[in-house]
Amino acid sequence: MSVKENLFALKKRINDFEKKYNRHSQSVSLLAVSKLHPIEKIKEAYEAGQEAFGENYLQEALSKQAALTNEAIEWHFIGHIQSNKTRKIAEDFAWVHSVDSIKIAKRLHEQRPLDLPPLNICIEVNVSDEPAKSGVDLKNVLSIAEYCLSLQRLRLRGLMTIPAQENDFEKQRIPFRMLFEVFQSLREKGIALDTLSMGMSEDFEAAIAEGSTMVRIGTALFGERHQL
Ligand SMILES: *Cc1c(COP(=O)(O)O)cnc(C)c1O
């Protein structure tokens, strides 16, 4: 199947899951994860109507951006952030999904150019409680969220998670439900969040069932990844 056919099939599945789980129509948006996929595939998806693309590796993302200046792409950074990379991320992306410390948030704020709108951010949360995984521990989410709210050059939009891989549908739902509950508790405290970035190719049905507003999908759209 072509990227265009995959995109339309994927949008239909997202729409079907919205109906199945009583979600509002178009309450779930699609972030096309183009890491390790060539520029031609990004162009194909863009020409079929996809505007938001997610990348994990800064150098790869910057070279794609340099080659795609005619396209009005909304770039999202979704990979792990090393502090020496924050300047280019603050300068060249519209969104960052993987803010996982006060230090990274502060640097992105300080380095966001004044002529750009505030950088949209999500706090990455580790809901699986695995010590090796990236993301903020559940107990620290509120304090980091409050800190981010104090930074004028950032716009805190919501939360993101990458759960441990799991094949059973009911088990897939558990970490997504946990993130949704944290999201709701922050909103009950008056923090105006609108984005729950959760769900990938193998688990986006479970994520939509639990309230995802943005699914990040690579393989189901572009096929298997290869080294570029
Ligand atoms: C690679 C990646 C995705 C997409 O994964 P697929 O399984 O290919 O859909 C989503 N989110 C993050 C953070 C990723 O690194």
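The sections below set out a description of the structure shown in this document. (Residues numbered from 1 in each chain as written. Predicted model: local features only at pLDDT ≥ 70, side-chain atom pairs only at ≥ 80, totals over all residues. Heavy atoms only, no water.)

This next bit is on unusual backbone geometry. Most peptide bonds adopt trans geometry, and most residues besides glycine take a negative phi value. Positive phi, close to 55°, is recorded for Asn22, a residue that is not glycine. With respect to the helices, strands and loops of the structure, Asn22 is situated in the loop between helix 1 (3-20) and strand 1 (29-33). Asn22 gets classed as exposed once you look at its relative accessible area, which sits at 74%. With phi around 60°, Leu36 is a residue other than glycine that occupies positive phi space. Residue placement: Leu36 occurs in the loop between strand 1 and helix 2 (39-47). (Helix = DSSP H or I, 4+ residues; strand = E, 2+ residues; numbered from the N terminus. Buried < 20%, exposed > 50% of the residue type's maximum accessible area, 1.4 Å probe, protein only.)

What follows is about the pairing of strand 2 (residues 52-55). Side chains on a regular strand alternate between the two faces of the sheet. Both faces of strand 2 are covered, namely the face carrying Ala52 and Gly54 and the face carrying Phe53 and Glu55. Across two bridges, the pairing between strand 1 and strand 2 is parallel. Following the sheet pairing, Ala32 is matched in strand 2 by Phe53. Remark: the strand 1/helix 2/strand 2 crossover connection has right-handed handedness. One ladder, built from four bridges, connects strand 2 with strand 3 (residues 74-77); its direction is parallel. (Pairing = 2+ DSSP bridges. Right-handed = clockwise from strand over helix to strand, strands pointing away.)

Turning our attention to the site of the ligand. In the vicinity of the ligand, the contacting residues are Val33, Lys35, Asn56, Ile78, Ile162, Met200, Ser201, Arg216, Ile217, Gly218, Thr219 and Arg225. Backbone polar atom of Gly218 to an oxygen atom of the ligand: 2.8 Å apart, as the coordinates give it. Considering the ligand on its own, with 390 Å² of exposed area, one finds that the protein chains cover 91% of that surface. In terms of residue class, the shell around the ligand is built from five nonpolar, four polar and three charged. (Near = heavy atom within 4 Å. Polar contact = N/O pair within 3.5 Å; in protein donor to acceptor, adjacent residues only side chain to side chain. Areas by Shrake-Rupley, 256 points an atom, 1.4 Å probe, with all protein chains shown as cover. Nonpolar A, V, L, I, M, F, W, Y, C, P; charged D, E, K, R; others polar.)

All told, the structure shown has eleven salt bridges when counted by the stated rule. Among the salt bridges present, the one from Lys106 reaches Glu110, with a minimum N-O distance of 2.9 Å. Within this pair, Lys106 and its partner Glu110 are both found in helix 5 (residues 102-111), separated by four residues, close to a single helical turn. On the basis of relative accessible area, Lys106 is assigned to the partly exposed category, the value being 39%. When the shortest N-O distance is used, the salt bridge between Arg177 and Glu210 registers 3.1 Å. One end of the pair, Arg177, is in helix 7 (residues 169-188); the other, Glu210, is in the loop between helix 8 (204-209) and strand 9 (214-217), and 33 residues separate them in sequence. Using a relative accessible area of 8% as the deciding quantity, one classes Glu210 as buried. A single salt-bridge network, built from bridges that share partners, covers Glu55, Glu60 and Lys64. (Salt bridge = Lys/Arg side-chain N within 4 Å of Asp/Glu carboxyl O.)

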